[in-house]
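Chain by chain, the residues:
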Amino acid sequence: MIRRFSAGLAAPAALAALLAAAPAAAKEDFVLEDEVAVCTGCHGEAGVPVEPDYPVIWGQQYFYIFTQLRDYGAGRRQNDVMTGIAAEYDRDQAKLLAEHFAGLAWPDIPSQTEEGDAALAEKGITGGQCSACHGKWQGDSRIPRLAGQQAGYLARTMEDFKTDVRMNAPDKNSTMKQLDDATIAALSRYLSDLDIQ
Amino acid sequence: MAEWSSKASLVCVALVVSSAATAQEETSASTLYGDLQSVTQNMLTRAAGDGNNFLHTNGNYAQTRYYPASQIDAGNVRNLRPAWIFQTEIVDTMETSPIVVNGVMYVTTAFNHVYALDARTGRQIWHHKHAMGPVTTYCCGPNNRGVAVAGDKVFMGTLDAKLVALDAKTGKQLWETQIAEAELGYSETMAPSVVENMVLIGTNGGEYGIRGFVKAFDTETGELIWTFHTVPEDSTGVWATHDATGRDMMRDIEAEKAALASMGDPYETLGGGVWQNPAVDLETRRIYFVVGNPSPDLDGSLRPGDNLYTDSLVSVDLDTGEYVCHFQYIAHDVWDLDAVSPPILTMVQDEAGNDVKGVLHGGKTGHVYVHKADDCSMIRFSEAMVPQENMWTLPTAEGARMLPGANGGVEWSPMAIDPQLRLSYAINLHQPMTYTVRSTPYPEGKLWLGGSFDVIADEEQWGNVTAVDYDTGRIAWQVRTAEPMIGGILATAGGLVFTGEGNGLFKAYDSSNGAELWRFQAGAGVNAPPSSYTVEGQQYIVVAAGGNAQLNYKRGNNIIAFTLAD
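The rules behind these values
Residues numbered from 1 in each chain as written. Chains lettered and ligands numbered in written order. Predicted model: local features only at pLDDT ≥ 70, side-chain atom pairs only at ≥ 80, totals over all residues. Heavy atoms only, no water. Helix = DSSP H or I, 4+ residues; strand = E, 2+ residues; numbered from the N terminus. Contact = heavy atoms within 4.5 Å. Areas by Shrake-Rupley, 256 points an atom, 1.4 Å probe, with all protein chains shown as cover. Pairing = 2+ DSSP bridges. Axes fitted to C-alpha atoms, helices over the stretch in contact; angles between N-to-C directions. Buried area = accessible area lost by both parts, 1.4 Å probe. Salt bridge = Lys/Arg side-chain N within 4 Å of Asp/Glu carboxyl O. Polar contact = N/O pair within 3.5 Å; in protein donor to acceptor, adjacent residues only side chain to side chain. Nonpolar A, V, L, I, M, F, W, Y, C, P; charged D, E, K, R; others polar. Buried < 20%, exposed > 50% of the residue type's maximum accessible area, 1.4 Å probe, protein only. Lys, Arg positive; Asp, Glu negative; His and termini not counted. Expected span 1.5 Å × (residues − 1). Arc of directions from axis to C-beta. Parallel < 35°, antiparallel > 145°, perpendicular 65-115°, else oblique.

## Concerning the overall build of chain A
Next, step 1: Looking only at helices and strands, chain A has 10 helices and zero strands in total.
Next, step 2: Reading chain A from its N end, one meets helices and strands in the order α-α-α-α-α-α-α-α-α-α.
Next, step 3: Nonlocal contacts in chain A, meaning residues at least 24 apart in sequence, comprise 73% of its contacts between residues at least 6 apart.
Next, step 4: For chain A, the exposed surface amounts to about 8,600 Å²; the carbon and sulfur share of it is 55%.

The following block contains the structure:
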């Protein structure tokens, strides 16, 4: 459901205005099952997304999903499909969707690493101090699970942070600029191949 | 049973030993396994001389981490062996300080699990898992540094910014209080402190744009008694241009004044977390704590002024929370080289060589700062314990290299002292980093660093254990370690200091000269402060080996108690 969207760097004043924006009105004809059906069109019937650069949301952290829906809706995270969908939900509707998907089982998606990925990934993790927030990659609350996430989505997300396409976690932009393309690729494969302990 | 030092040549030491002997007599008769005797205020007050229990996160109200028992000493520590190993349910970062009450130990894990254990055998007595709310916001790892004990209760702060009271006998929750709003970036990883009817606790959140505080809650009900905001409504200060050591901090004061005029005081989102316990002086009824970095960490453009009382030692009235005095180490910090390690109260020599009541703090800058307790003023600062380069180079858009890196020096790790040797013991990091600034607006409770500090992966990292003579500021001895150090340290009357490393090594050093006397490989990072206790005449050293999220040291789930082999 998520496609790349090059919005460029939003001015701080514009972002501040977005942060102060009035909350969305409730979607009038909201039925959870219907909304879930829309989501599964891209995120998958059994939790396996239909494209490699779409994220797994089954079993993702509740508050992270909620926050991302709110950020899409408010324009803090931009995507030509998700922005329109999420803008229709109010807080309670976004929470219902987040609760639904957080309660599902994370899918088992085959992944493949390349020789040298682990060493390069660990070097990137040390440099970016990634584990300080992401811990053992299992996610918690507003921190997303990364273990077992699709490598294509992870790579695109890191690139989007690095190139200032994604701006709703601004400190990631600085961190990702320290990582070269090879490290991002290795890190993506490495994380996608991990299971939570 | 503890053996008491005979080296009481100084008056203050004689006092410690005297009170220790009294406490030993009073508690030895009731130190039986499983006797869950209430923790009285008298026990908490006299903990510095209690060679049976370990009642405070940092040993006693003065936070000396100097344990008065000496059964394990420099001569026999080579015979130290594991007595038992307890494995917790959670295999993740561990920063807990084990608390021991009459043979019962209380430890915590990541994600706020609490265990009561038989301190003699490691057998589990009860296990409490906090019912975590859906929103937690924390840096740096889902840590917890332990409990406070008083009466028949055990107190813990939680990642979802609550204070909970548990029944010490059963682990059942008695009450809980929401300390602050987790969605806005408030969380708790520090251990609380208890004084009389009050539970004292600060807050995390300096990386999320909170307004920091220390609060006092009623031990019986959880009701708020007082709040001290670590950031006053006028946070401007004196426009200090130099840090505590006299270095120019390269501030553009005129630009800051112009920014202040246009945007107003930034106090509402200025950070100022308090990560560690206060030192308590019951004689003057004051507490002393250190306040962490301003928010956003690296971007000073959004927060003109000195950003009081961030990066400061602060003293407030114990009964009211009213401000008494402060000393700011770094005004308008843009490097996150803040004040985190808990302060220590002890007698120190002033500039004239007179013994005065003092406060020690180990800074991320790599200095041990020595203060007068009465007015918080600084007497001296120590030689740098780690390399310092390019201080204070301002962060840039491309990233500017400066040492120390943002983790220190001394991180949150508590120091210890030996009041006989007049030495402080600190563990340090050497982690070269670049400091990058990137201005972004307040993000509503999300991480708000205003840039990044990034480890220079190609440069060597290491750590050290450093003893400083706090009467002179000179380094007495220093031992280098293979990896940056985080966790904590314990000194004992047996002439020893104990501390662990990220590579799993747990070591004992001669406290007078740094000679390594013993080591044990724990199998996971030993990144938590050790404690000691005595049960049925047998002294133990105990430490958690669970690794560390912040530095990505190997995780584990072991509580390991050591005692002398038969």
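## What to know about the sheet that holds strand E13 (residues 213–218) of chain B
Residues and elements named next belong to chain B.
Next, step 1: Overall, antiparallel pairing links the four strands, which are arranged E11-E12-E13-E14 in an open sheet. The open sheet terminates on both sides in strands that have one partner only, identified here as strand E11 (193–195) and strand E14 (224–229). Within the sheet, the average angular offset between the axes of one strand and its neighbour, ignoring direction, is 20 degrees.

## Some details on the interface of chain A and chain B
Next, step 1: Contacts between the two partners involve 37 residues from chain A and, on the opposite side, 39 residues from chain B.
Next, step 2: Note on chain A versus chain B: buried area summed over both sides is about 3,100 Å², and carbon and sulfur give 47% of it.
Next, step 3: Among the residues chain A hides against chain B, the three largest losses belong to Gln129(A), Arg142(A) and Asp171(A). Together they make up 21% of the total.
Next, step 4: Applying the counting rule to chain A against chain B returns five salt bridges.
Next, step 5: A salt bridge links Arg76(A) to Glu444(B); its shortest N-O distance comes to 3.5 Å.
Next, step 6: Linking chain A with chain B are 21 residue pairs in polar contact (both at pLDDT 80 or more).
Next, step 7: Counting only elements with at least two residues in the side of chain A that touches chain B, the list comes to helix H1 (12–19), helix H3 (62–74), helix H6 (117–128), helix H7 (131–134) and helix H9 (170–176) of chain A.
Next, step 8: Broken down by element, the side of chain A that touches chain B gets its largest block of residues, six residues, from H6(A).
Next, step 9: Per-class residue counts for the side of chain A that touches chain B are 12 nonpolar, 14 polar and 11 charged.

## Regarding the side chain of Arg286(B)
Residues and elements named next belong to chain B.
Next, step 1: Mapped onto the elements, Arg 286 comes out in strand E16 (residues 286–291).
Next, step 2: Buried charge Arg 286 goes without a salt bridge, the closest partner of opposite sign being Asp 374 at 6.1 Å.
Next, step 3: Polar side-chain contacts of Arg 286 include one of 3.3 Å to the side chain of Tyr 288.
Next, step 4: When sequence neighbours within four positions are dropped, the list of residues in contact with Arg 286 reads Ala 279, Val 280, Asp 281, Ser 315, Val 316, Leu 318, Val 324, Cys 325, Ala 373, Asp 374 and Asp 375.

## Here we look at the sheet that holds strand E27 (residues 451–455) of chain B
Strands pair in a sheet through their backbones, by hydrogen bonds, and they do so in one of two ways: parallel or antiparallel.
Residue and element names in this part refer to chain B.
Next, step 1: Pairing within the open sheet is antiparallel, and its three strands lie in the order E23-E26-E27. Each of the sheet's edge strands pairs with one partner strand only, and the pair in question is strand E23 (400–402) and E27. On average, adjacent strands in this sheet sit at an angle of 30 degrees to one another, irrespective of strand direction.

## Considerations on helix H2 (residues 32–43) of chain A
Residues and elements named next belong to chain A.
Next, step 1: Along its 12 residues, H2 runs 16 Å from first to last C-alpha, staying within 8% of the 16 Å computed at 1.5 Å per residue.
Next, step 2: Within the span of H2, buried status applies to Glu 35, Val 36, Cys 39, Thr 40 and His 43. Projected onto a plane normal to the axis of H2, the buried residues spread over an arc of 145 degrees and lie on a single side.
Next, step 3: In this fold, the buried residues of H2 make contact with helix H5 (91–102).
Next, step 4: Positive backbone phi, approximately 100 degrees, marks Gly 44, located one or two places after H2.

## Some thoughts on the packing of H6(A) against helix H10 (residues 181–192) of chain A
All names here are of chain A.
Next, step 1: Axis separation between H6 and H10 bottoms out at 8 Å; the angle between their running directions is 105 degrees. Between H6 and H10, the crossing angle belongs to the class labelled roughly perpendicular. For the pair H6 and H10, the contacting residues are Asp 117, Ala 118, Leu 120, Ala 121, Glu 122, Gly 124 and Ile 125 in the first and Ala 182, Thr 183, Ala 186, Leu 187, Arg 189 and Tyr 190 in the second.
Next, step 2: Among the residues making up the contact of H6 with H10, the classes are represented as eight nonpolar, two polar and three charged.

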